[in-house]
Amino acid sequence: MDLGLSGKRAIVTGGSRGIGKQCALALAREGVHVCIAARTHDALNQTLVELEQVGSEGHAVAGDLNMQANCERVVQEAVDRFGGIDILVNNVGAARNADILELTPNLIDEALSLKTYSYLQMSQLVIPYMKENRWGRIVNIAGSAGTSPTRGNIPTGAANITILNITRALSDAVAGDGILVNTVCPGLTNTGRARTQQGVRAEREGRDVEALLAELGQELPAGRIAEPEEVANVVTFLASDACSYMFGSALYMDGGKRRSTP
């Protein structure tokens, strides 16, 4: 299938590792020019090398997207380099969580600032460039905690459910301009961050992290956890010409864990 992506121009936030990195590489393989943004210079530079190895024109911008000025700088550098923006993948941010009985409001504020506000700001900044061509794709990554709260993940859940609301509202606002806005909601995915988080539990319980991840995967209908490349494949479809009639939707990639309908 021709995804119609060759020559398109994308920004991927949180693009230096994990799901964001694989999204950037998947887009690059389709001929997309990709600007990646994250806070860590070394990881950004390594991913930039990999982008160029697959033949993409890449660009990297280091900065904390908690700050409006840094969001503006990422967009401006991408526009200066590529001449416009067609695709935005919002993926930045990993919230700190705490048990509901010990949770403080500042952790929720931090999660919203780190993830939700940057998604909104980046979207607002790129939409004018997408409107110029009457074509655009915004794909938000919002973990499944938004609709599957637990006593220990309320900051993450609050950020993610707000992203789902923003997705719907943005879609309503720009669908008539040829801009599709959708969300992908991954469950537990085999990333470095997941290994670090589960590694804490594995050490506490005196277990091997690989065995723990395998056990968590076996609890899912899918029988395993997701690979970041699998999430990237869906993001690439949502960013493409082949995706032409999906507006304001959320796709759950949680191995069948979510039980609510729809």
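Calculation rules
Residues numbered from 1 in each chain as written. Predicted model: local features only at pLDDT ≥ 70, side-chain atom pairs only at ≥ 80, totals over all residues. Heavy atoms only, no water. Helix = DSSP H or I, 4+ residues; strand = E, 2+ residues; numbered from the N terminus. Rg over C-alpha atoms; globule rule 2.2 N^0.38 Å. Buried < 20%, exposed > 50% of the residue type's maximum accessible area, 1.4 Å probe, protein only. Contact = heavy atoms within 4.5 Å. Areas by Shrake-Rupley, 256 points an atom, 1.4 Å probe, with all protein chains shown as cover. Core = buried A, V, L, I, M, F, W, Y, C linked by side-chain atoms within 4.5 Å. Salt bridge = Lys/Arg side-chain N within 4 Å of Asp/Glu carboxyl O. Phe/Tyr/Trp six-rings, centres within 6.5 Å; stacked < 30°, edge-to-face > 60°. Lys NZ or Arg CZ within 6 Å of the ring centre and 35° of its normal. Polar contact = N/O pair within 3.5 Å; in protein donor to acceptor, adjacent residues only side chain to side chain. Arc of directions from axis to C-beta.

Which residues make up the overall build of the protein chain, and what are the values?
Within the protein chain, the secondary structure is distributed over 8 helices and 7 strands. By the compact-globule yardstick of 18 Å for 262 residues, the protein chain fits well, its C-alpha radius of gyration being 18 Å. Referenced to the eigenvectors of the C-alpha coordinate spread, the extents of the protein chain come out at roughly 55 × 40 × 35 Å. Going through the 262 residues of the protein chain one by one, you find that 50% of them count as buried. Restricting the contact set of the protein chain to residue pairs at least 6 apart, pairs at least 24 apart contribute 71%. Accessible surface for the protein chain amounts to roughly 11900 Å². Of this, 50% is attributable to carbon and sulfur atoms.

How would you sum up the nonpolar core? Please name residues and give values.
Counting 60 residues, the largest nonpolar core has Ile11, Leu27 and Val34 as the members making the most contacts within it. Among the elements that make up this core, the one with the highest residue count is helix H1 (residues 18–29) (7 residues).

Explain the pattern of salt bridges residue by residue, including any values.
Applying the stated criterion across every chain yields a total of 12 salt bridges. The residue glutamate 110 makes a salt bridge to arginine 96 at a minimum N-O spacing of 2.9 Å. Here arginine 96 lies in the loop between strand S4 (87–90) and helix H4 (105–133) and glutamate 110 lies in helix H4, a separation of 14 residues in the sequence. You can call glutamate 110 partly exposed: its relative accessible area is 30%.

How would you summarise the packing of aromatic side chains if you had to cite specific residues and measurements?
Tallied over the entire structure, the rule returns 1 aromatic pair. The interplanar angle of 90° and the centroid separation of 5.7 Å between the aromatic rings of tyrosine 245 and phenylalanine 247 together place this pair among those described as edge-to-face. The exposure class of tyrosine 245 is exposed, given its relative accessible area of 76%. Owing to a relative accessible area of 26%, phenylalanine 247 belongs among the partly exposed residues under this scheme. Note that lysine 8 overlies the ring of tryptophan 135, its terminal NZ or CZ placed 3.9 Å from the centroid. Above the face of the tyrosine 252 ring, arginine 258 is positioned so that its terminal group lies 4.0 Å from the ring centre.

Give a detailed account of the side chain of asparagine 190, specifying residues and quantitative values.
Looking at the element boundaries, asparagine 190 is found in the loop between strand S6 (179–186) and helix H6 (192–205). Engagement of the side chain of asparagine 190 in a polar contact is seen with the side chain of glutamate 227, the distance being 3.3 Å. Apart from residues no more than four positions distant in its own chain, asparagine 190 is found in contact with Arg195, Leu213, Ile225, Ala226, Glu227 and Pro228.

Can you break down helix H7 (residues 209–218) residue by residue, with the values?
The complete set of buried residues in H7 reads Leu212, Leu213, Leu216 and Gly217. The buried residues of H7 occupy one face: seen down the axis, they fall within an arc of 135°. The inward-facing, buried residues of H7 contact H6. The N-capping residue of H7, defined by a side-chain oxygen 3.0 Å from the backbone nitrogen of glutamate 210, is aspartate 208.

Talk me through the side chain of threonine 167; I want residue IDs and the actual numbers.
Structurally, the position occupied by threonine 167 is in helix H5 (residues 154–174). Since its relative accessible area comes to 1%, threonine 167 is described here as buried. Those residues in contact with threonine 167 that sit more than four places away from it in its chain are Asn140, Val181, Asn182, Thr183, Gly248 and Ser249.

Hey, could you go over the environment of alanine 38 for me, with residue numbers and the actual values?
Examined against the element boundaries, alanine 38 turns out to sit in strand S2 (residues 33–38). Taking C-alpha positions, alanine 38 is 9.8 Å from valine 74, a pair spaced 36 residues apart along the chain. With residues near it in sequence (within four places) discarded, alanine 38 still touches Gly14, Gly15, Ser16, Leu44, Val61, Ala62 and Gly63.

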